[in-house]
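Here is how the chains run, residue by residue.
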Amino acid sequence: MLEDNYVSNFWRSHNFRLEPWGNDYEPPIQISEELSLSESDVNPIVETDNWDCFESSQARSLPHRLIFIDGRRRLDAALVGGDGNTITYGVFGTIAVGAVVVDRTIPKASCIEIDIRRVLGFGGEQDAVSTPIPCPLGSKAELLYTAIKSNQPNTPEARGAIVQNAMLAAEEQLVSKLNVKNADTLVIRDGALRYESPTSTLGYIKTMHKQYLSEKYAALLWKLLPGQRTPIFNIKDRSQYSWYLKSGDSQHSPQQLGYHDLHGIVRLELSSKIDIETAKEIANQTCYLIPYYASHPSRDPRAPQNLAPVSALERELGRRMGDAILIKRRLQCFLASFGVNK
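As the structure is a prediction and not an experimental result, all values here were calculated from the model.

How each quantity is defined
- Residues numbered from 1 in each chain as written.
- Predicted model: local features only at pLDDT ≥ 70, side-chain atom pairs only at ≥ 80, totals over all residues.
- Heavy atoms only, no water.
- Helix = DSSP H or I, 4+ residues; strand = E, 2+ residues; numbered from the N terminus.
- Buried < 20%, exposed > 50% of the residue type's maximum accessible area, 1.4 Å probe, protein only.
- Contact = heavy atoms within 4.5 Å.
- Areas by Shrake-Rupley, 256 points an atom, 1.4 Å probe, with all protein chains shown as cover.
- Expected span 1.5 Å × (residues − 1).
- Bend = angle between axes of the 7 residues up to and from the residue.
- Polar contact = N/O pair within 3.5 Å; in protein donor to acceptor, adjacent residues only side chain to side chain.
- Salt bridge = Lys/Arg side-chain N within 4 Å of Asp/Glu carboxyl O.
- Core = buried A, V, L, I, M, F, W, Y, C linked by side-chain atoms within 4.5 Å.

Caption draft 1: Broad picture of the overall build of the protein. Secondary structure summary: the protein contains seven helices and 11 strands in total. Taken over 342 residues, the protein has a buried fraction of 43%. Of the contacts formed within the protein by residues at least 6 apart in sequence, a portion of 68% connects residues at least 24 apart. Approximately 18,900 Å² of the protein is accessible, and the part contributed by carbon and sulfur atoms is 50%.

Structure (structure tokens):
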């Protein structure tokens, strides 16, 4: 009986909760003290200084058209080698980017502008050369890996960074290509904004890597209910507005599912080049739009943070990237033909 009480007291006192995203995804909360920002890096009172009982206003209108943008990446084969006794790390990779357009007036959703690319890159100063991989007998499918210039150091970690940066660059090209300036359209990019992102694009971050708010202001995150947001704050060195929002359905609270109280918290970004009144209107629109398009726990392990249109786009991109096992086998055959793998 004493042992049973000890176990119960341990779990009761330590407040551990389930990590719902599973081992295949990076955890949604991964903040360390070294990644905390000071108050001099963030201005939390650009909208209001009242963070104790903040109530966001109802959006005056909602956009008729939404465009969700996302990308996927895959390391097809890791490379190691070089001239003589030197060691150089490289990678064959596949990236896929695309968009889902949601017409809220019909309503209807469709995938557009899907782009699949194969890339080849090396760490250090080793240049890559665009390489076609021969087709097997009876197949007309061609694999062309385009050489990309990398500024990554010559380390094993460079492989992931090379493919990741290529995917982010492809996403940025897609955002510029769409060039949406219609007031009735809101572009939501899955992930943080880059410096060159258009001012009309909204960044959607579902993983908490940094602590942007001091404890005084961050206390509001624990009180948010689905559809509620914090006031807007300004991240000075990135010239961006940002706010936290609680996504999901009120019928699936974190406590009911055994999850952490911060589960469902997402952060949104918007360029601070736009005026604060426009930013407030878009922030108020997200209080309705983000929970409405949130995924459900029965369909997506990253629910509710992973948006349903993004989840559908990820599946389509994965399908068009090709079979990972067959592609790796073709790369092995290609390298073996040069005696590299003997």
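Caption draft 2: Spatial organisation of helix 5 (residues 276-292). Taking 1.5 Å of rise per residue, 17 residues should cover 24 Å, and helix 5 covers 24 Å from first to last C-alpha, within 8% of that figure. Of all the bends in helix 5, the greatest, near 35°, is centred on Thr 286. When we look at burial in helix 5, the residues that qualify are Ala 279, Glu 281, Ile 282, Ala 283, Asn 284, Gln 285, Thr 286, Cys 287, Leu 289, Ile 290 and Pro 291. Where helix 5 is buried, its residues meet strand 2 (65-81), strand 7 (185-190), strand 8 (201-205), strand 10 (240-246) and strand 11 (265-271). Residue Asp 275 occupies the N-cap position of helix 5, its side-chain oxygen lying 3.2 Å from the main-chain nitrogen of Glu 277.

Caption draft 3: Just the side chain of Ser 295, in detail. In this fold, Ser 295 is placed in the loop between helix 5 and helix 6 (308-320). Side-chain polar atoms of Ser 295 contact the backbone oxygen of Asn 306, separated by 2.4 Å. Apart from the residues lying within four places of it in its own chain, the contact partners of Ser 295 are Asp 300, Arg 302, Ala 303, Pro 304, Asn 306, Leu 307 and Ala 308.

Caption draft 4: Examining the pattern of salt bridges more closely. Following the criterion strictly, the structure yields 16 salt bridges and no others. Here Arg 238 makes a salt bridge to Glu 269, at a shortest N to O gap of 3.0 Å. Within this pair, whereas Arg 238 is found in the loop between strand 9 (233-235) and strand 10, its partner Glu 269 is found in strand 11, the two being separated by 31 residues in sequence. Judged by relative accessible area, Arg 238 falls into the buried class, the value being 18%. Across the pair Arg 320 and Glu 316 runs a salt bridge whose closest N-O atoms are separated by 2.7 Å. Of the two residues, Arg 320 and Glu 316 are both situated in helix 6; the distance of four residues between them amounts to about one turn of the helix. Glu 316 sits in the buried class, given a relative accessible area of 18%. Linked by salt bridges that have partners in common, Glu 171, Glu 172 and Arg 189 make up one network.

Caption draft 5: Looking closely at the nonpolar core. Grouped together as the largest cluster of nonpolar side chains are 29 residues, with contacts concentrated most on Phe 68, Ile 188, Leu 202, Leu 268, Ile 290 and Leu 307. Per element, the largest residue contribution to this core is six residues, and it comes from helix 5. Of all hydrophobic cores here, the second largest spans 18 residues; its members include Ile 95, Val 97, Ala 99 and Val 187.

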